[in-house]
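# Chains, contacts and geometry: an overview
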Amino acid sequence: MSIRVLIADDSALARGLLRAIFEQEGDIEVVGEATDGHEAVALASALRPSLVTMDLEMPGLHGLEAIDAIMRAKALPILVVSSVADARNACEALRRGALEVIAKPSGPEEAAELIAKVRLLADLVVVTAKTSREREEALRREAEAMDSLRPGEDMVGLAQAFQFAEEEYRPGEGKKK
């Protein structure tokens, strides 16, 4: 079964590059291309892709707002592929429901990383908070944790901010059961 991808990017050059990378793979099919956030939301609903690649800076509906709309309508795996993914935008994209944020590929290594991420993320089932109260509580906790971080703070500090005990977390291992 092929991985069905929707590409959302306002740049024709970027869409063409992503399409070319995906078309080299026998298991990835580009089912649509969106040139702005509104079109991305509409096509995500109509085409039901396995995964959406989302640029952040787009005319009309910004990529972050498009992520919100897609997650509210019917949550899908979203991989942000953007040249403007600074730390703040990356955290915000993840907070809103994107699963990963990577830079637009500029060479064979980045293209291989993109393919690997698409294959990994397309199989994930995206779960969102059941109620707006649960979502607001989760967002409040995340915002408090992010605001409490200092520049250069390590992953143990981040885990503590999210209320994991230090012994439950080791960088590279994730939260232990």
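Our structure is the block above this text.
One structure accompanies this document, and this report is about it. (Residues numbered from 1 in each chain as written. Predicted model: local features only at pLDDT ≥ 70, side-chain atom pairs only at ≥ 80, totals over all residues. Heavy atoms only, no water.)

## Some thoughts on the pairing of strand β3 (residues 51–54)
Heads up, the condition is: Only protein chains enter the area calculation, which uses a 1.4 Å probe; residues under 20% of their type maximum are buried, those over 50% are exposed, and those in between are partly exposed. We count a stretch as a helix when DSSP gives it H or I for four or more residues in a row; a strand needs E for two or more, and each element gets its number in order from the N terminus. The criterion for strand pairing is that DSSP finds at least two bridges linking the strands in question. A crossover counts as right-handed when, viewed with the strands pointing away from the observer, the path leading from the first strand over the helix to the second turns clockwise.
Burial along β3 is two-sided: L51 and T53 facing one way and V52 and M54 facing the other are all buried. Pairing analysis gives 4 bridges linking strand β1 (residues 3–8) to β3, with the strands arranged parallel. Each residue of the ladder has a partner; that of L6, found in β3, is V52. In this fold, β3 hands off to helix α3 (residues 63–74), which returns the chain to strand β4 (residues 78–81); that crossover is right-handed.

## Quick notes on helix α5 (residues 108–122)
The cut-off we apply is this: Expected span of a helix: the number of residues minus one, times 1.5 Å. This arc corresponds to the set of directions leading from the helix axis out to the C-beta atoms. It only takes one pair of heavy atoms within 4.5 Å for two residues to be counted as in contact.
For α5, built from 15 residues, the straight-helix expectation of 21 Å at 1.5 Å per residue is met to within 8% by its first-to-last C-alpha distance of 21 Å. Along α5, the residues that are buried comprise A111, L114, I115, K117, V118, L121 and A122. Taken end-on, α5 shows its buried residues confined to a sector of 165°, consistent with a single buried face. Set apart from the buried face of α5 by more than 90 degrees, the exposed residues are P108, E109 and L120. If you follow the buried residues of α5, they end up packed against β1, α1 (12–23), β2 (28–34), β3, β4 and β5 (100–102).

## Remarks on the sheet that holds β5
Quick note on the threshold: Axis lines are fitted to C-alpha atoms, over the contacting stretch for helices. Their N-to-C directions set the angle, which ranges from 0 to 180 degrees.
Spatial strand order, β2-β1-β3-β4-β5: 5 strands in an open sheet with parallel pairing. A single partner strand is all that each edge strand has here, and the edge strands are β2 and β5. Strand-to-strand twist of the sheet, defined as the mean angle between neighbouring strand axes without regard to direction, takes the value 25°.

## Re the environment of S11
Of note, S11 is situated in the loop between β1 and α1. Given the relative accessible area of 26%, S11 is considered partly exposed. For the pair S11 and A34, spaced 23 residues apart in sequence, the C-alpha to C-alpha distance is 9.8 Å.

## Remarks on the packing of helix α2 (residues 37–47) against α3
We apply this condition: Here roughly perpendicular refers to angles of 65 to 115 degrees, roughly parallel to angles under 35, roughly antiparallel to angles over 145, and oblique to all remaining angles. Left-handed describes a crossing whose near helix is turned anticlockwise from the far helix through less than a right angle; right-handed describes the clockwise counterpart. Side-chain classes are defined by residue name, with Ala, Val, Leu, Ile, Met, Phe, Trp, Tyr, Cys and Pro counting as nonpolar, Asp, Glu, Lys and Arg as charged, and the others, Gly among them, as polar.
Where α2 meets α3, the axes come as close as 9 Å, and the angle between the chain directions of the two elements is 20°. Judged by the angle between their axes, α2 and α3 are roughly parallel. Once α2 is placed against α3, the crossing between them reads as right-handed. In this structure, α2 contributes G37, A40, V41 and A44 to the contact, and α3 contributes A66, A69 and I70. In terms of residue class, the contact of α2 with α3 is built from 6 nonpolar, 1 polar and no charged.

## Description of the environment of L56
Considering the arrangement of structural elements, one finds L56 in the loop between β3 and α3. For L56, a relative accessible area of 0% gives the class buried. Between the C-alpha atom of L56 and that of I67, which follows or precedes it by 11 residues, the distance is 9.2 Å. The contact partners of L56, leaving out residues within four places of it in the chain, are H62, G63, L64, I67, V80, S82, V84, N89 and A93.

## Some thoughts on the nonpolar core
We apply this condition: As used here, the term nonpolar core means buried Ala, Val, Leu, Ile, Met, Phe, Trp, Tyr and Cys residues forming a set that is joined through side-chain atoms within 4.5 Å.
Formed by 24 residues in total, the largest nonpolar core has its most connected members in V52, M54, I67, I78, V80 and A93. Counting residues per element, the ones that place at least two in this core are β1, α2, β3, α3, β4 and α4 (87–96). Leave out the neighbours within four places in its chain, and I67 touches M54, L56, I78, V80, A93, R96, G97 and A98. Counting 18 residues, the second largest nonpolar core, distinct from the first, contains V5, L18, I115 and L121.

## What to know about the packing of α3 against α4
Where α3 contacts α4, the two axes come as close as 9 Å, and the packing angle between them is 10°. Taken as axis vectors, α3 and α4 run roughly parallel relative to one another. Between α3, through L64, E65, I67, D68 and M71, and α4, the contact on the second element is made entirely by N89, E92, A93 and R96. A per-class count over the contact of α3 with α4 returns 4 nonpolar, 1 polar and 4 charged.

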